[in-house]
Each structure stands twice: as structure tokens, then as C-alpha cells.
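# Summary of structural features
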Amino acid sequence: MKTYPIINISVETTYLDDESRPEKEHYVFAYQVSIENTGPCSAKLLDRHWVINDANGRELTVSGEGVVGEQPHLEPGSVFTYSSTAVIQTPVGIMQGKYRWISDAQEYFYTQVPKFTLSIPRTLH
């Protein structure tokens, strides 16, 4: 029976007012991702795939190796946290994605990043 790491992902977002230019449809959001391995074995994060949608239906896909220039190796019980930014053309948007991993047993697997909202303060109730 195969044993995979259990990866839990949480995301917090912040609107970056100083970097945004609403008059030019340029809204900048920071997001902090916490990735925790609560499973019985280790894994290395290989790459990411993000889909970013704004309120006008524009979609941007971002894929690449690792996250913020790193490919963290998570032992059981460890947490890796990183911050990045996203730019959209509306005050509200949605991000979702997935990470591809390889376990120490050399088995590939994916984890979904829960869908989260990018929203300037007081836009959504």
C-alpha cells in the first residue's frame, strides 16, 4: 500500500494599496501561503500551477518550478511559508492552483490549493 504525505495548505491575502493604481485598472494583492506536511513521510515541492481570474472574466495562468525560487522539502510535521503577489485588473478576483510533489519513495502526487479571493477592503461583505 502506498503512503503519501498529507499536505495542508492555507492562504491569507492582503490588498497592497500603495502599489495599486485603480485608475489604471491595476490592483496588487499579496498572498501568504502556509504548507504543512501532517503525513507520515517527506516530500519535495517540484512546481506550481496557478489560475487567476478577475471579475471581468480575464484569466491568467502561471506555472513554474517551485515557489518563490525554492523547492522546499517538507519532513513530517514541518511547515513552509512564503509570500508572493498577484496583479489583476478589477477590485475582486479569485486564485486557485495546485502543487506537484515527489515523495521520498519517488512517487509523484498533486495537492490542490483551495480557491481564495483577492478583494480590496470593504468590497465584499
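A few points on the structure. Note on numbering: residues in each chain are counted from 1, in written sequence order. With the structure being a predicted model, the display of local features is reserved for residues of pLDDT at least 70 and the display and counting of side-chain atom pairs for 80 or more, all residues being used for whole-chain, interface and lining totals. To get the side-chain values, all heavy atoms of the structure are used, and hydrogens and water are removed first.

### Comments concerning the side chain of Thr-111
What counts as a helix is a DSSP run of H or I of at least four residues, what counts as a strand is a run of E of at least two, and both are numbered from the N terminus. Its location among the elements puts Thr-111 in strand 8 (residues 108-119). Relative accessible area decides the class of each residue, using a 1.4 Å probe on protein chains only: under 20% of the type maximum gives buried, over 50% gives exposed, and in between gives partly exposed. Classification of Thr-111 by relative accessible area gives buried; the value is 10%. Whether two residues are in contact is decided by their heavy atoms, any of which lying within 4.5 Å being enough. Apart from residues lying up to four places away in sequence, Thr-111 is in contact with Ile-7, Ile-9, Gly-97, Lys-98, Tyr-99 and Trp-101.

### Quick notes on the nonpolar core
Put simply, a nonpolar core is a bunch of buried Ala, Val, Leu, Ile, Met, Phe, Trp, Tyr and Cys residues held in one set by side-chain atoms that sit within 4.5 Å of each other. Counting residues in hydrophobic clusters, the biggest one holds 25 residues, and the most contacted among them are Ile-35, Tyr-82, Tyr-99 and Trp-101. The set of elements that each furnish at least two residues to this core consists of strand 1 (7-15), strand 2 (27-37), strand 3 (43-54), strand 6 (79-88), strand 7 (92-103) and strand 8. At five residues, strand 2 tops the list of elements feeding residues into this core. Setting aside chain neighbours within four positions, we find Ile-35 in contact with Ile-7, Asn-8, Ile-9, Leu-45, Leu-74, Ser-78, Val-79, Phe-80, Tyr-82, Tyr-99 and Trp-101.

### A few points about the environment of Asp-54
Structurally, the position occupied by Asp-54 is in strand 3. Owing to a relative accessible area of 8%, Asp-54 belongs among the buried residues under this scheme. A C-alpha to C-alpha distance of 8.0 Å links Asp-54 and Pro-91, two positions 37 residues apart in sequence. Among all residues touching Asp-54, those that are not within four sequence positions of it are Ile-88, Gln-89, Thr-90, Val-92 and Gly-93.

### What to know about the packing of aromatic side chains
Two aromatic rings, drawn from Phe, Tyr or Trp (for Trp, its six-membered ring), form a pair once their centres lie within 6.5 Å of each other, and the interplanar angle then sorts them: stacked below 30 degrees, edge-to-face above 60, tilted otherwise. Within the structure shown, the criterion is met by seven aromatic pairs. Here Trp-50 and Tyr-99 contribute two aromatic rings whose centre-to-centre distance is 6.1 Å and whose plane-to-plane angle is 85°, an arrangement assigned as edge-to-face. Placement of the pair is Trp-50 in strand 3 and Tyr-99 in strand 7, with a sequence separation of 49 residues. A relative accessible area of 2% means that Trp-50 is categorised as buried. The class of Tyr-99 is buried, set by a relative accessible area of 0%.

### With respect to the pattern of salt bridges
We define a salt bridge as a side-chain nitrogen of Lys or Arg found within 4 Å of a carboxyl oxygen belonging to Asp or Glu. Scanning all chains against the criterion turns up two salt bridges. Ionic pairing is found between Asp-47 and Arg-100, a salt bridge with its closest N-O pair at 2.8 Å. A residue pair is termed long-range when its members are at least 10 positions apart, and Asp-47 in strand 3 and Arg-100 in strand 7 qualify at 53 residues. Residues Arg-58 and Asp-54 are paired through a salt bridge, measuring 3.0 Å at the closest nitrogen-oxygen approach.

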